[in-house]
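# Results of the structural survey
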Amino acid sequence: MRIWLDGTLRDADDAKVSVLDHGLTVGDGVFETLKAENGTPFALTRHLERLTRSARGLGLPDPDLDEVRRACAAVLEANPMPLGRLRITYTGGLSPLGSDRGETGPTLVVALGETTRRPDTTAVITVPWVRNERSPLAGLKTTSYAENVVALARAHRDGASEALFANTLGRLCEGTGSNVFVVLDGELHTPPVASGCLAGITRALAVEWTGARETDLPLDVLERAEEVFLTSTLRDVQAVRRVDGRTLAAAPGPVTAKAMRVFEERAASDIDP
Ligand code: PLP
């Protein structure tokens, strides 16, 4: 595996980040995950825009997007595979203990892992922990993902593949690595970004292509929704067949099946590189 680290492609074994990197010591970093089919990254421009927004939110210098693009192209070319999970990590950099931020400038890592298509349907749970929509980190894709790791472990323990959070107001928010859509009286809704969820790139495309409404919804909407689905770069649109103890009548139901179809068609043609 060849990995990009600070300006050059290296073998994974030689790509070493300092133990004093601020991303490691305090989680001061941002990242993007995107899929790449046969070496072509999906929606790279949108991911780079979000990387910049997240970096600004943490007060990191803007990433050099020309370098990030070169890094992605180099890593994809060096590691051919049918379906890859491309990960861009950008951190505060080497930082002596006690100092606020790196002395050498940010660290940029681009790595790739082979992956497979997610199943079309899945089970989810809700967790009793909340997203804080008023946090300065709300909506930023930071490397401080430990809360998601804990929630996902709970989901796996309960035989599910994703855990859904409410926000501090008890409103439906998002999953550990996905956005959520629900069908109510035949209409498709998803929580607004103001709920504290990540502005998912798949979410935005799904809203644009299906006309889903952005609606504040109580968490218990999951007890009565006719259909539920998740979106994320590696899932695209994934139907939910079970939420906690409740099995949904149809997964995918008609609205979800249509969203899956529309997404598949338009993602192939209507998306900026
Ligand atoms: N919400 C969170 C917390 C995520 O980590 C992710 C993706 O990893 C998403 C939502 C979905 O975003 P995207 O569609 O850009 O992959």
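A brief structural summary. (Residues numbered from 1 in each chain as written. Predicted model: local features only at pLDDT ≥ 70, side-chain atom pairs only at ≥ 80, totals over all residues. Heavy atoms only, no water.)

## Regarding the site of the ligand
Looking at the ligand, there are 17 residues lining it, with Arg50, Lys141, Tyr145, Glu174 and Thr202 nearest. Between the ligand and Lys141 there is a distance of 2.8 Å, counted from an oxygen atom to a side-chain nitrogen or oxygen. Here Ile201 contributes a backbone N or O atom positioned 2.8 Å from an oxygen atom of the ligand. Relative to its free-state accessible area of 390 Å², the ligand is covered by the protein chains to the extent of 94%. (Near = heavy atom within 4 Å. Polar contact = N/O pair within 3.5 Å; in protein donor to acceptor, adjacent residues only side chain to side chain. Areas by Shrake-Rupley, 256 points an atom, 1.4 Å probe, with all protein chains shown as cover.)

## Digging into the pairing of strand β9 (residues 172–175)
In summary, the side chains of a regular strand alternate between the two faces of the sheet. Sheet analysis places strand β8 (residues 162–167) next to β9, joined by three bridges and oriented antiparallel. For Ala166, the partnering residue across the bridge sits in β9 and is Leu172. In sequence, β8 turns back onto β9 through a hairpin of four residues, with Gly170 there showing a positive phi of about 80 degrees. (Pairing = 2+ DSSP bridges. Helix = DSSP H or I, 4+ residues; strand = E, 2+ residues; numbered from the N terminus.)

## A look at the packing of helix α5 (residues 201–210) against helix α6 (residues 254–269)
Where α5 contacts α6, the two axes come as close as 10 Å, and the packing angle between them is 105 degrees. When the interaxial angle is binned, α5 and α6 end up roughly perpendicular. Here α5 contributes Thr202, Leu205, Ala206, Trp209 and Thr210 to the contact with α6, which in turn contributes Ala259, Val262, Phe263, Arg266 and Ala267. Tallied by class, residues from the contact of α5 with α6 come to seven nonpolar, two polar and one charged. (Axes fitted to C-alpha atoms, helices over the stretch in contact; angles between N-to-C directions. Parallel < 35°, antiparallel > 145°, perpendicular 65-115°, else oblique. Contact = heavy atoms within 4.5 Å. Nonpolar A, V, L, I, M, F, W, Y, C, P; charged D, E, K, R; others polar.)

## Structural notes on the layout of surface pockets
Computed from the structure, the largest pocket encloses a volume of approximately 1000 Å³. Along its surface, the largest pocket is lined by 45 residues, and Lys141, Tyr145, Asn148, Thr176 and Gly177 are the ones closest to its centre. Within the residue set of the lining of the largest pocket, elements represented by two or more residues are β3 (29–37), α2 (44–58), β5 (83–91), β7 (121–131), α4 (146–157), β9, α5 and β13 (227–232). Ranked by residue count, the leading element in the lining of the largest pocket is α4, at four residues. Along the lines of polarity and charge, the residues of the lining of the largest pocket split into 12 nonpolar, 23 polar and 10 charged. (1 Å grid on protein atoms, 1.4 Å probe; cavity = no way out; pocket = protein on both sides within 12 Å on 5 of 7 lines; lining within 4 Å. Points joined across faces, edges and corners; volume = space filled by probe spheres on them.)

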